Structure formats: C-alpha cells, structure tokens
Amino acid sequence: MAPVGTRWRIAATLLLALLLQACNETELYTGLDQRQANEIVATLMRHDIPAERIAGEQGGMTVAVQESRFADAMAVLDQSGLPKREFSTLGDIFKSDGLVSSPVEERARMIHGLSQELSSTISDIDGVLSARVHLVLPENDPLRQELIPSSASVFIRHRDTVAMRDLIPQIKMLVANGIAGLSYDNVSVILVPVEAPAADSGSNGGFVTFMGLWLHAESLTRAMWLVYGLAAAVIALAGALGYAIWRQRRRVYILDPSVPVKMP
C-alpha cells in the first residue's frame, strides 16, 4: 500500500489538475517578441483581464488568457492597436539572395520598401494605432509632354482623444519630403478615430482569488465544488483505508490471539 505522503501528493496533483481545468486558458497570440508580449499583458491587466506570458521553445512568446475572457481580450487589443504590426525595412526587402531581379521587380520592391518605412515612421506618432501609406509612383517617359504626377494616400487609425487633424500638415510634409518628385498637394490623409477602451479602475473585472489563483466569478462556483468534492473523496478514501487496516488487524488477532496486535 502506498505511503500516506504519496497518497496526499496524488490527491494534490488531482486537485491542481481540476483547478487548471476550471480556469482553462486559451492562446491569444503566438510568436511574439518580448516587447510585444509585455505590451499586450500590460494593456490587458489595465482592463482587469489576467493574462500570462509563456516562453516558446524557439524563443517566441505566447500570451494566453482564460477562455471565458477571450472575446473581451480581443476587443481590448483591437481597440488598442495591439500587437503592433511589424514593418519591413529597405534592408529586408533588398536583402541579397543571389538572384538577379528585373528592373520592374526592383522598382516594385523599392516602392514597397518606401511605403513600409513611411508607415513605420507614422505609426510611432503618439496616439496612432495603425498606419498604412500607399504610394503611386508612375514611371514616366521623359519624351512625353504630360507627365503623370506621383501621389500618396495615408490611412491612419488613431485614438479619438488625440487631435490628429492638427498633425495632418506635418504628416503630409513628412511623406512628400520622403519621396522624390512627390508634391505636398498630392498627399491625402484619411483619419479614422477609435474610441479608447475605458479601464475599470474600481473593479476587479469579475475575478476573485481562490487558493492563490485568479478565477472568474462564473468559474468560482465550479472550482469550489470541485475542491469540496475532491476533499470529500479524499476523506472517504482515508476512512475506508483506516477501516480496512482495522479489519485486517482484528482478523489477525482473532486467528491467533498470541500475536501482539495493537488494536485501535
């Protein structure tokens, strides 16, 4: 028969497994770097949504939340513009691969690289959630009398608390000066304000602590019943075990009273 310490360790393991099942977690994003994971977890915690960072085997980070709060977490991250998009740099686009590209491919890669660089710069402005820059750089024939002018369109999602319209002239100047032959008047900016999610500073988001774990209110009752049921099962098992030992000792004493058996 297994020692008492071993039996209690088995019972504790079963209890932990049941608690983990009660607060089942689901992955939000995988393959994140440490900064992205920290930003996501910090944002969710400000809105009382407990989140966990899990280190991957290949160095990437995974952020997980309780399954019951998955929809709330995704809504908060979407309104916060997280995780932030990673933009390609000119160095990435023109990375040497040993192949010879055609002039058309080189031009397309150049336009894409410039668009990525400008999008990344505009995304660094405070209050910008996401930004995209679309460039139209026609390849004009120098012999043509009427040249097609270059143009650019800038799409920006930003917090509604930021006066982004006041920055439109600076944004247009930034894009115009970043592209050769592009004039200020041919840069258009489209702004889409996004209402910032309000943090519930005075509440715990429906979460309570139970045995050192954060549990959602709707999962607390189930977890408590699981704990009480497991405790009752352990007590019943201990009682049955004690009764079996008593019966065994009594049987030995009846068969051979000369054997020194300590009766409880």
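Residues numbered from 1 in each chain as written. Predicted model: local features only at pLDDT ≥ 70, side-chain atom pairs only at ≥ 80, totals over all residues. Heavy atoms only, no water.

The protein has the name Lipoprotein in an unreviewed UniProt entry, where Kaustia mangrovi is given as its organism. What UniProt states about the protein under its Subcellular location (unreviewed entry) heading is, verbatim, "Cell outer membrane". UniProt, in its Sequence similarities (unreviewed entry) section for the protein, records the words "Belongs to the YscJ lipoprotein family." (UniProt positions renumbered as here; feature names shortened; annotations may be inferred.)

S.K.: Explain the environment of Tyr29 residue by residue, including any values.
M.R.: Of note, Tyr29 is situated in strand β1 (residues 25-32). Considering only alpha carbons, one finds Tyr29 and Ile40, 11 residues apart in sequence, at a separation of 9.5 Å. With near-sequence residues (within four places) excluded, Tyr29 lies in contact with Ile40, Met61, Thr62, Val63, Met74, Leu77, Leu82 and Pro83. (Helix = DSSP H or I, 4+ residues; strand = E, 2+ residues; numbered from the N terminus. Contact = heavy atoms within 4.5 Å.)

S.K.: So, the pattern of salt bridges: which residues are in play, and what are the values?
M.R.: Considering all chains together, one arrives at three salt bridges under this definition. Salt-bridge contacts for Arg35 lead to Glu39; the nearest nitrogen and oxygen are separated by 3.5 Å. In this pair, Arg35 and Glu39 both sit in helix α2 (residues 34-46), four residues apart, roughly one turn of the helix. For Glu39, a relative accessible area of 22% translates into the label partly exposed. (Salt bridge = Lys/Arg side-chain N within 4 Å of Asp/Glu carboxyl O. Buried < 20%, exposed > 50% of the residue type's maximum accessible area, 1.4 Å probe, protein only.)

S.K.: Describe the nonpolar core, naming the residues involved and giving the relevant values.
M.R.: Formed by 21 residues in total, the largest nonpolar core has its most connected members in Ile122, Leu135, Val154, Ile156 and Val175. Of all the elements in the fold, those that place two or more residues in this core are α5 (103-123), β4 (128-136), β5 (151-159), α6 (168-178) and β6 (187-194). Discounting chain neighbours no more than four positions away, the residues touching Ile122 are Val128, Ala131, Val133, Val154, Ile156, Ile171, Leu174 and Val175. Formed by 14 residues, the second largest nonpolar core is a distinct cluster that contains Ala37, Ile49, Ala73 and Leu77. (Core = buried A, V, L, I, M, F, W, Y, C linked by side-chain atoms within 4.5 Å.)

S.K.: Lay out the pairing of β5 in plain terms, naming residues and giving numbers.
M.R.: Bridge analysis of β4 against β5 gives eight bridges, and the strand direction is antiparallel. Note that in β5 the partner of Ser130 across the bridge is Arg157. Judged from the eight bridges that link them, β5 and β6 form a sheet pairing that is parallel. What sits directly across from Phe155, in β6, is Ile190. (Pairing = 2+ DSSP bridges.)

S.K.: Outline α6, listing residues and values.
M.R.: Of all the positions in α6, only Ile168, Ile171, Lys172, Val175 and Ala176 are classed as buried. Projected down its long axis, α6 carries its buried residues within an arc of 130°, all on one side. Buried-residue contacts for α6 involve α5, β5 and β6. (Arc of directions from axis to C-beta.)

S.K.: I'd love a proper account of the sheet that holds β1, names of residues and values included.
M.R.: Reading across from one edge, β1-β3-β2 is the order of the three strands in this open sheet, with antiparallel pairing throughout. Strands at the two margins of the open sheet, each flanked by one partner only, are β1 and β2 (51-55). Taken pair by pair, the neighbouring strands of this sheet meet at an average axis angle of 25°, ignoring direction. The pairing of β2 with strand β3 (residues 61-66) spans five bridges and is classified as antiparallel. Looking across to β3, one finds that Ala55 is bridged to Met61. (Axes fitted to C-alpha atoms, helices over the stretch in contact; angles between N-to-C directions.)

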